[in-house]
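Reading the structure
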Amino acid sequence: MIEIQCDDTSGLLEITISGRVSKSDYDDVLIPAVEAALQAQDKIRLVVHVAAAFEGYDLAAAWSDTKLGASHWSGFDRVALVTDVGWIASSARAMAFLTPCPVQVFPLNQLDEARRWIREPLGSIQMTDLGQGVLQVQLLGKLDTEAYVGIDDRLDAFIHENEDFNLLLDLRDFDGWQGLSGVLQHLSLVRTRAKYPRRVAVLGNNGWQRMGERILSRFVNAEAVWFEDPAKAQSWVGAA
């Protein structure tokens, strides 16, 4: 059985799965709810609650599940899976890096945490004009596609006023991306504006963040240098 609770204003669906799930549960309940939500919103968020009473899928229902994900692949903004069923949780974690949206798995006793996670911002991008043709960009938390809304316009406005500029990229509070689509959006943002900065100071405090300097150097024409000291980074890009 599948039950749906829908918040039309935010594009949030909470799906509760229990008992034995059949193809008719998908055809009559889940698919119409998802398609209706996608007509009202460009992107939707899902909380998928696999209840303790879940008994499994019919084979036809499993096929319907696969078709639903494939046909609406780009329509999901974020998915929280709440389950104690081991094979479902492990399968979701194994496939999460291939999905275009953030996917987080929670145990049943963290249903409220899953609901909070699905609503709260995952990360943000802060841009600050430091003067003298220096732009500071801070990546904070885990970024998804929502974090990039409006960034293109703000960055282009700065470039219009400062076509020849230096960049201070602060990764100290950056925890990576949630979902493949966030990575692709970031790469697109960098690639289309790669010719503009002269110097890029990459500021971080973790070894894995240093990869940002190496990756960035493949996409931009600028000289990119890694720093752990904020004062030295600012001095090097001319913002001291």
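First things first, this report covers the structure right here in the doc. (Residues numbered from 1 in each chain as written. Predicted model: local features only at pLDDT ≥ 70, side-chain atom pairs only at ≥ 80, totals over all residues. Heavy atoms only, no water.)

**Some details on the overall build of the protein chain**
- The helix and strand tally for the protein chain stands at eight helices and 11 strands.
- Burial statistics for the protein chain: of 240 residues in total, 47% are counted as buried.
- Put simply, of all contacts in the protein chain between residues at least 6 apart along the chain, 74% involve residues at least 24 apart.
- About 12600 Å² of surface is accessible on the protein chain, with carbon and sulfur atoms providing 51% of the total. (Helix = DSSP H or I, 4+ residues; strand = E, 2+ residues; numbered from the N terminus. Buried < 20%, exposed > 50% of the residue type's maximum accessible area, 1.4 Å probe, protein only. Contact = heavy atoms within 4.5 Å. Areas by Shrake-Rupley, 256 points an atom, 1.4 Å probe, with all protein chains shown as cover.)

**As for the packing of aromatic side chains**
- Scanning all chains against the criterion turns up four aromatic pairs.
- Arranged with centres 5.7 Å apart and planes meeting at 50°, the rings of F227 and W236 form a pair that is tilted. (Phe/Tyr/Trp six-rings, centres within 6.5 Å; stacked < 30°, edge-to-face > 60°.)

**Some points on the environment of Q104**
- With respect to the helices and strands, the residue Q104 is situated in strand β5 (residues 103-106).
- The exposure class assigned to Q104 is partly exposed, which follows from its relative accessible area of 29%.
- In this structure the C-alpha to C-alpha distance between Q104 and A89, which are 15 residues apart in sequence, comes to 9.5 Å.
- Beyond its immediate chain neighbours, meaning those up to four positions away, Q104 contacts V79, A80, L81, W117 and Q178.

**Notes on the pairing of strand β6 (residues 123-131)**
- Direction of pairing for β6 relative to strand β7 (residues 134-143): antiparallel, over a ladder of eight bridges. Bridge assignment links D129 to a residue of β7, and that residue is L135.
- Connecting β6 to the next strand, β7, in antiparallel fashion are two residues, including Q132 with a positive phi near 55°. (Pairing = 2+ DSSP bridges.)

**Some words on the pairing of strand β4 (residues 76-82)**
- A large share of β4 lies buried, amounting to seven of its seven residues.
- Direction of pairing for strand β3 (residues 44-57) relative to β4: parallel, over a ladder of six bridges. The residue bridging R45 from the neighbouring strand is R78, located in β4.
- As paired elements, β4 and β5 share four bridges and run parallel to each other. Paired with L81 across the strands is V105, a residue of β5.
- In the classification by handedness, the crossover that spans β4, the intervening helix α3 (residues 86-95) and the parallel β5 is right-handed. (Right-handed = clockwise from strand over helix to strand, strands pointing away.)

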